Amino acid sequence: MSSIKKVQITFDCEEPLLVARFWAEALGYVVPEPPEGFASWEEFDGARPADFRGPAWGACADPTGEGPRLYFQRVPEGKVVKNRVHLDVRVGVGLVGEERLAVLEAEATRLIALGAVRGQLLLADGVNESCQNMQDIEGNEFCLD
């Protein structure tokens, strides 16, 4: 019998720490502490040789250890097409109708204040419940479900 594996979800991005902080706020995750001797990741980055400045990565993790770790790596190219994989942020589980729409709207509003962009609202169709398409601060698509 095979065992269940823990996964890490990796995002290519331009500003790893910025995107990691967005997702930490969005999901209630935490960004790891900077290396010992540094008060912040920015201070750590400033201590590196000039050729290596600018964070190459960022991460955030579920403080309970249950959810997957999210890892953000800097890449030179920008995003040009729709994601092939996206996250569904499950804020409306078990809710239907107006109650579900209100929860989706409240969460969309909260995330927009953090820099997210609202996409199309997909209304319930008799098979699927309503969900709200969104984009994070670098344009990565995700859904509020």
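Going by the structure above, here's the rest.
Below you will find a few notes about this structure. (Residues numbered from 1 in each chain as written. Predicted model: local features only at pLDDT ≥ 70, side-chain atom pairs only at ≥ 80, totals over all residues. Heavy atoms only, no water.)

### Some remarks on the nonpolar core
Burial of nonpolar side chains together is a common tendency in soluble globular proteins.
Then comes step 1: Among the nonpolar cores identified, the biggest contains 21 residues, and Trp23, Leu70, Phe72, Phe142 and Leu144 are the most heavily contacted of them.
Then comes step 2: For this core, the elements supplying multiple residues, two or more each, are β1 (8-13), α1 (16-27), β3 (69-74), β4 (87-89), α3 (97-113) and β7 (141-144).
Then comes step 3: In terms of residue count, α1 provides more of this core than any other element does, 6 residues in total.
Then comes step 4: Apart from the residues within four sequence positions on either side, Phe142 is in contact with Phe22, Trp23, His86, Leu87, Val89, Leu111, Ala116, Gln132, Asn133, Met134, Gln135 and Asp136. (Core = buried A, V, L, I, M, F, W, Y, C linked by side-chain atoms within 4.5 Å. Buried < 20%, exposed > 50% of the residue type's maximum accessible area, 1.4 Å probe, protein only. Helix = DSSP H or I, 4+ residues; strand = E, 2+ residues; numbered from the N terminus. Contact = heavy atoms within 4.5 Å.)

### Considerations on the pattern of salt bridges
Then comes step 1: Per the counting criterion, the structure on display carries 6 salt bridges.
Then comes step 2: A salt bridge links Arg21 to Glu42; the shortest N-O distance between them is 2.7 Å. You can see Arg21 sitting in helix α1 and its partner Glu42 sitting in helix α2 (residues 41-46), a full 21 residues away along the chain.
Then comes step 3: Residue Arg21 is classed as partly exposed on the basis of its relative accessible area, which comes to 34%. (Salt bridge = Lys/Arg side-chain N within 4 Å of Asp/Glu carboxyl O.)

### What about the layout of surface pockets?
One water molecule sets the probe size; rolling that probe over the atoms shows where empty space is left.
Then comes step 1: Taken as a whole, the largest pocket spans an internal volume of roughly 490 Å³.
Then comes step 2: Phe11, Asp12, Lys79, Asn83 and Asn140 are the residues nearest the centre of the largest pocket, which is lined by 23 residues in total.
Then comes step 3: Contributions of two or more residues to the lining of the largest pocket are made by β1 and β7.
Then comes step 4: Looking at the lining of the largest pocket, the element that brings in the most residues is β1, giving 5 residues.
Then comes step 5: Of the residues that constitute the lining of the largest pocket, the class distribution is 10 nonpolar, 5 polar and 8 charged. (1 Å grid on protein atoms, 1.4 Å probe; cavity = no way out; pocket = protein on both sides within 12 Å on 5 of 7 lines; lining within 4 Å. Points joined across faces, edges and corners; volume = space filled by probe spheres on them. Nonpolar A, V, L, I, M, F, W, Y, C, P; charged D, E, K, R; others polar.)

### Remarks on the sheet that holds β4
Then comes step 1: In spatial order, the strands read β4-β7-β6-β5; together these 4 strands make up an open sheet with mixed pairing. The sheet terminates laterally at β4 and β5 (117-122), the two strands that pair on one side only. Averaged over all neighbouring strand pairs, the angle between strand axes comes to 25 degrees, with direction disregarded.
Then comes step 2: Relative to strand β6 (residues 131-135), α3 is tilted by about 10 degrees, and along the sheet it contacts β5, β6 and β7. (Pairing = 2+ DSSP bridges. Axes fitted to C-alpha atoms, helices over the stretch in contact; angles between N-to-C directions.)

Honestly, it's all geometry; don't read function into it.
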